[in-house]
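Listed below, chain by chain, are the residues.
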Amino acid sequence: MPKGSPSSAERRIMGKIDHELNHYFQDNRTFADMVNLCVYDGEPVILPQDLEDDCTVLYPTDGKDGLRERRIDVSKRCTTGYSFCIYCLENESKISYIMPVRNMEFEAARYREQLKKIAAGHEKTDYRNWAEFSSKFTKDDRLQPVIMLVLYWSRKPWDGARSLTEMLDIPEENKERIAPFLQNYRLNLINMYDLEHVEMCQSQLKYLLQLLKKDQNKEEIYQEVQGNPAYQKLDQETGRMMAVLLRDEKLEKYIEEQQEEGDETFNMCKALDDMRQEAMERGEVTGEDRFARLTNLLLADERMDDLHLAITNPATRRELYREYQICYNDPC
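If you're wondering where the values come from, they're calculated on a predicted model, not measured in any experiment.

Q: So what's going on with the overall build of the protein chain? Residues and values would help.
A: In terms of regular secondary structure, the protein chain is built from 13 helices and nine strands. When each of the 332 residues of the protein chain is scored for burial, the buried share is 42%. Put simply, 64% of the contacts in the protein chain that link residues at least 6 apart link residues at least 24 apart.

Q: Let's hear about the pattern of salt bridges: which residues, and what values?
A: Going through the model one piece at a time under the given rule, you end up with 17 salt bridges. Between Glu252 and Lys16 there is a salt bridge, and its shortest N-O distance comes to 2.5 Å. With a gap of 236 residues between them, Glu252 in helix α9 (residues 249–260) and Lys16 in helix α1 (residues 8–24) connect regions that are remote in the sequence. On the accessibility criterion, Glu252 (7% relative accessible area) is buried. Take Lys16: its relative accessible area is 35%, and that puts it in the partly exposed class. With a shortest N-O distance of 3.0 Å, Arg128 and Asp140 are connected by a salt bridge. In this pair, Arg128 is assigned in the loop between α3 (99–120) and α4 (130–135) and Asp140 in the loop between α4 and β6 (146–152), connecting sequence segments twelve residues apart. Judged by relative accessible area, which is 54%, Arg128 ranks as exposed. Because the salt bridges share partners, they merge into one network encompassing Lys16, Glu20, Arg240, Glu252 and Glu256.

Q: Which residues make up unusual backbone geometry, and what values do they have?
A: The phi angle at His197 is positive, at roughly 65°, despite the residue not being glycine. Relative to the elements of secondary structure, His197 occurs in the loop between β7 (189–191) and α6 (205–212). Assessed through its relative accessible area of 29%, His197 is described here as partly exposed. Positive phi outside glycine occurs at Arg247, with the angle close to 55°. Looking at where Arg247 falls in the secondary structure, it is placed in the loop between α8 (236–245) and α9.

Definitions and limits used
- Residues numbered from 1 in each chain as written.
- Predicted model: local features only at pLDDT ≥ 70, side-chain atom pairs only at ≥ 80, totals over all residues.
- Heavy atoms only, no water.
- Helix = DSSP H or I, 4+ residues; strand = E, 2+ residues; numbered from the N terminus.
- Buried < 20%, exposed > 50% of the residue type's maximum accessible area, 1.4 Å probe, protein only.
- Contact = heavy atoms within 4.5 Å.
- Salt bridge = Lys/Arg side-chain N within 4 Å of Asp/Glu carboxyl O.

Read these as layout, nothing more, since geometry by itself doesn't imply function.
In structure tokens, the structure reads:
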């Protein structure tokens, strides 16, 4: 594996996070809140009742005839009066250095799909001239806007390209002359830790994002939860999403047990209290035990540089504890 590659455990966790997020945003209320936060500064411009699923796109395979199916993580069409707009969410828990091209493909595919639907809805008599007939698109036809949002769920700074031109090798001597002819596709990248106006959310997404910003300090999470009665009646999906993003297997298991008992809501306050009490009663994993486990895992993965950082840097040590899922609820 290349230097700096995530461990197998970390890769599984990132895949799980992306999968759970895609499922979570299928809910129209949650989807509407996220779009409103990213595009409209939290104002409730997009309403849940105006959304409908719209997620499959087709485009040519590389070097082969025919089409293949690709799915944007979550895509919905919004109808407001007589106007339409397509919003697409791409959830990313890791950096991708090809994201501008990848998103450009998806966006172009959405427009290509619309062209096909428009062409299929026309009769030959609709076309007023050869240009319209050959285009299968009249001068009065219009496409629905497509807005692609990349939701980045990581504290690691995004060091990849945010636009197409950042990926291009442009000769310096010709840069000024070439630049005006280049179309620069820009990435709508939103870091979930930097989102503002979270309190304006209409759904329980607000509680998820509030806890996410405190994930560096478990005591702050505990105080936030205990100080807000809303955490006593979370829906199961939000509770599970919190557990996955906080990388807390114990909390996730606790939620699964409540689901098996038929509970429709999840009491985060009680869960944290029960887990804290249980840990105290068992005298579970002291700080020395935790660091010994971390050391063995880093040695097994040949991550000597990270081991040195874990010894000297408390913030890095906490990150590595989370990465290897070493007892999040216990004291550092």
